[in-house]
Amino acid sequence: MSGGDVYDPDGGVIERRDLVIVDGRFAEPDGRPTDRVIDASGHLVTPGLVDLHAHVFRGQDLGLDPDDIGPSGGTTTIIDAGSAGGHLFPAFRATTIDTSAVRVRAFVNIASVGTTSIRLGGELKALHYSDASVAVACARANADVIVGVKVRASHDVGGDNAPEALRRARAAADDLGVPLMVHLGPSPAAVDEILATLRSGDILTHAFTGWEGNTLLDGDAVRAGAREARERGVVFDIGHGASGFSADVARKLLGLGFAPDTISSDLHAYSRTRVVSLPLVLSRLMALGMPLPDVLLRATLAPARALGLDASGIGTLRSGAAADLAIFDLAEGPQSFEDGFGRAFEGDRVLRPVATMIGGDLVEPRGVPA
């Protein structure tokens, strides 16, 4: 691949350079024949994006097709954030994880039924489904693809059961020695209770949401519990979704020096018209003041590192890693954006996907309607 402006997250810079691909993997330039030459002149080239939070259980009410939203958005690795619990995970694996061109890994939901349709109420409202032993057994049986435990510990999902479900999810994650991902929404569980529960390597998703009284802001300052959680290694993830991201909260947190650690989409069947794509979420963060290299880091190497996937080269351009790439246009000029609550704000740049490569092959989206 030649002529492109390449972002390498290991160096943190964007520079004009060629990329050598041999047998579907990145290689050092040593004179060997390459697979082919792709002219990327005038484009931005990055590692394939890593989406830390999406929902891609094919056939589930909430699920989108990873082979649609991945290639159409420069995303080559998708982490499903708890669509399936222990009793449905074998179906999720058979229909989606094992059959997708896009790499899919997953958090197992503490609720054995997984993330049920948002039209039917939350999966935590029947607390007997939140069985730590079921989640643990499932994760052990699928340790090659399960990366952690997920709980949507908020009132709209569990009512008064949310704090107890959070405790059960904590116990399951501790038993397995894997990260716990917790969704921040309306209280309960209260944000301070959630933050106190999280440990090094755990993930707070929807971290920049705007639910009144349950955000990372304490007046005009960053909540003390959030700063303490960051100091002990908690990962703060965007998880844009239909109501997981507030531009007002984000602008204030960024102004206070509290940037997200990872940027994810929370794409699902009910959020797609608002989220659209992970590159558009990155563009929204740029509009709020984050530099281009910073947003790219948080959608490539940072999420891969959070889950230990960088060791196999995911989210990188390292020699020997699978040649997963995204090619973008960076369009300049006035842009209008909306956050997860439908509030408008303005920017001056937008990332537009041009092509996606998985293992050295250009892939087209499956084209399943949203």
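Rules used throughout
- Residues numbered from 1 in each chain as written.
- Predicted model: local features only at pLDDT ≥ 70, side-chain atom pairs only at ≥ 80, totals over all residues.
- Heavy atoms only, no water.
- Helix = DSSP H or I, 4+ residues; strand = E, 2+ residues; numbered from the N terminus.
- Rg over C-alpha atoms; globule rule 2.2 N^0.38 Å.
- Buried < 20%, exposed > 50% of the residue type's maximum accessible area, 1.4 Å probe, protein only.
- Contact = heavy atoms within 4.5 Å.
- Areas by Shrake-Rupley, 256 points an atom, 1.4 Å probe, with all protein chains shown as cover.
- Pairing = 2+ DSSP bridges.
- Axes fitted to C-alpha atoms, helices over the stretch in contact; angles between N-to-C directions.
- Salt bridge = Lys/Arg side-chain N within 4 Å of Asp/Glu carboxyl O.
- Left-handed = near helix turned anticlockwise from the far one by under 90°.
- Nonpolar A, V, L, I, M, F, W, Y, C, P; charged D, E, K, R; others polar.
- Polar contact = N/O pair within 3.5 Å; in protein donor to acceptor, adjacent residues only side chain to side chain.
- Phe/Tyr/Trp six-rings, centres within 6.5 Å; stacked < 30°, edge-to-face > 60°.

Engineer: Looking at this model, I keep getting lost on the overall build of the protein chain. Mind explaining?
Structural biologist: If you tally the helices and strands in the protein chain, you get 12 helices and 17 strands. Computed over its C-alpha atoms, the radius of gyration of the protein chain comes to 20 Å, within 12% of the 21 Å expected for a compact globule of 370 residues. Projected onto its principal axes, the C-alpha positions of the protein chain cover 60 × 45 × 40 Å. In the protein chain, which comprises 370 residues, the share counted as buried stands at 59%. Taking contacts inside the protein chain between residues at least 6 apart in sequence as the whole, the part at least 24 apart equals 75%. Of the accessible surface of the protein chain, which amounts to about 13700 Å², a share of 49% is contributed by carbon and sulfur atoms.

Engineer: Would you explain the sheet that holds strand β6 (residues 49-54) in this entry?
Structural biologist: Pairing within the open sheet is parallel, and its seven strands lie in the order β6-β7-β8-β9-β10-β11-β14. The sheet is open, and its two edges are formed by β6 and β14 (235-236), each paired on a single side. Relative to strand β8 (residues 103-109), strand β7 (residues 75-85) runs parallel, the two being bridged by six bridges. Its bridge partner being in β8, Thr-77 is matched across the sheet by Arg-103. In the packing of helix α5 (residues 162-176) onto the sheet, the strands contacted are β9 (146-151) and β10 (180-183), and the crossing angle to β9 comes to about 165°.

Engineer: Can you walk me through the pattern of salt bridges in this structure?
Structural biologist: Side chains carrying opposite charge are able to pair once their charged atoms draw close together. For the coordinates displayed, the defined rule picks out 22 salt bridges. Here Asp-144 ties to Arg-93 by a salt bridge, and the two come within 2.6 Å at their closest N and O atoms. Here Arg-93 lies in helix α2 (residues 89-95) and Asp-144 lies in the loop between α3 (132-141) and β9, a separation of 51 residues in the sequence. Classification of Arg-93 by relative accessible area gives buried; the value is 17%. Where Arg-168 meets Glu-164, a salt bridge forms, and the shortest distance between an N and an O atom there is 2.9 Å.

Engineer: What is the right way to read the sheet that holds strand β16 (residues 344-358) from this model?
Structural biologist: Strand pairs in the sheet, formed through backbone hydrogen bonds, run parallel or antiparallel to each other. Pairing is mixed in the open sheet, where six strands are placed in the order β2-β1-β5-β15-β16-β17. In this open sheet, the two edge strands, each paired with only one partner strand, are β2 (13-16) and β17 (361-363). The average undirected angle you get between the axes of adjacent strands in this sheet is 40°. The strands touched by helix α10 (residues 278-287) are β15 (325-338) and β16; relative to β16, the strand with the most contacts, the crossing angle is about 145°.

Engineer: Got a minute to help me understand the packing of α3 against α5 in this structure?
Structural biologist: The axes of two packed helices give the description: the angle between them and the distance between them. Two elements in contact, α3 and α5, have axes separated by 9 Å at closest approach and are oriented at 35°. When you trace α3 past α5, the crossing you get is right-handed. Contacts between α3 and α5 involve Ala-132, Ala-135, Val-136, Ala-139 and Arg-140 from the first element and Arg-168, Ala-172, Asp-175 and Leu-176 from the second. Its residues assigned to classes, the contact of α3 with α5 comprises six nonpolar, no polar and three charged.

Engineer: Would you take a moment to explain α10 for this structure?
Structural biologist: The periodicity of an α-helix, 3.6 residues per turn, causes residues three or four positions apart to be oriented the same way. The buried count for α10 comes to nine of 10 residues, which makes it a mostly enclosed element. Looking only at α10, the buried set comprises Leu-278, Pro-279, Leu-280, Val-281, Leu-282, Ser-283, Arg-284, Leu-285 and Met-286. The backbone nitrogen of Leu-280 has a side-chain oxygen 3.2 Å away, supplied by the residue at the start of α10, namely Ser-277. Where α10 terminates, the next one or two residues include Gly-289, which has phi positive at roughly 120°.

Engineer: Which parts of the structure should I look at to understand the packing of aromatic side chains?
Structural biologist: A full pass over the atoms with the stated rule returns five aromatic pairs. Taken together, a centroid distance of 5.7 Å and an interplanar angle of 75° make the contact between Trp-211 and Phe-341 edge-to-face. One end of the pair, Trp-211, is in the loop between β11 (203-205) and β12 (217-218); the other, Phe-341, is in the loop between β15 and β16, and 130 residues separate them in sequence. Residue classification places Phe-341 among the partly exposed residues on the basis of a relative accessible area of 24%. For the pair Phe-236 and Phe-258, a centre-to-centre distance of 5.1 Å together with 75° between the ring planes defines the contact as edge-to-face. Placement of Phe-236 in strand β14 and of Phe-258 in the loop between α8 (247-255) and α9 (272-275) is noted, with a sequence separation of 22 residues between them. Grouping aromatic residues by their ring pairs yields a cluster made of Phe-57, Phe-89 and Phe-92.

Engineer: I'm lost on the environment of Phe-345 in this one. Help?
Structural biologist: The residue Phe-345 is located in strand β16 in this model. Sequence-wise, Phe-345 and Ala-171 are 174 residues apart; in three dimensions their C-alpha atoms are separated by 41 Å. Among all residues touching Phe-345, those that are not within four sequence positions of it are Ala-247, Arg-251, Arg-284, Ala-287, Leu-288, Gln-335, Ser-336, Phe-337, Glu-338 and Asp-339.

Engineer: How should I be thinking about α3 in this particular structure?
Structural biologist: For α3, every residue scored as buried is listed here: Val-134, Ala-135, Val-136, Cys-138 and Ala-139. Those residues of α3 hidden inside the fold are in contact with α2, β8, β9 and α5.

Engineer: Please clarify how the pairing of β6 should be interpreted in this entry.
Structural biologist: Burial analysis of β6 places six of its six residues in the buried class, which makes it a mostly covered element. Here four bridges tie β6 to β7, and the two strands are oriented parallel to one another. When the sheet's bridge partners are listed, Leu-49 is paired in β7 with Thr-75.

Engineer: Please explain unusual backbone geometry as it appears in this structure.
Structural biologist: Across the chain, the bulk of peptide bonds are trans and the bulk of non-glycine residues have phi less than zero. Put simply, Ser-187 and Pro-188 share a cis peptide bond, and its omega is -5°. By secondary structure assignment, the location of Pro-188 is in the loop between β10 and α6 (191-197). The omega torsion across Pro-188 and Ala-189 is 5°, close enough to zero to call that bond cis. With respect to the element layout, Ala-189 can be found in the loop between β10 and α6. Residues other than glycine seldom take positive phi values, yet Asp-23 does so here, at roughly 55°. Assignment of secondary structure puts Asp-23 in the loop between β3 (20-22) and β4 (25-27). You will see that Val-276, though not glycine, has its phi angle at about 75°, which is positive.

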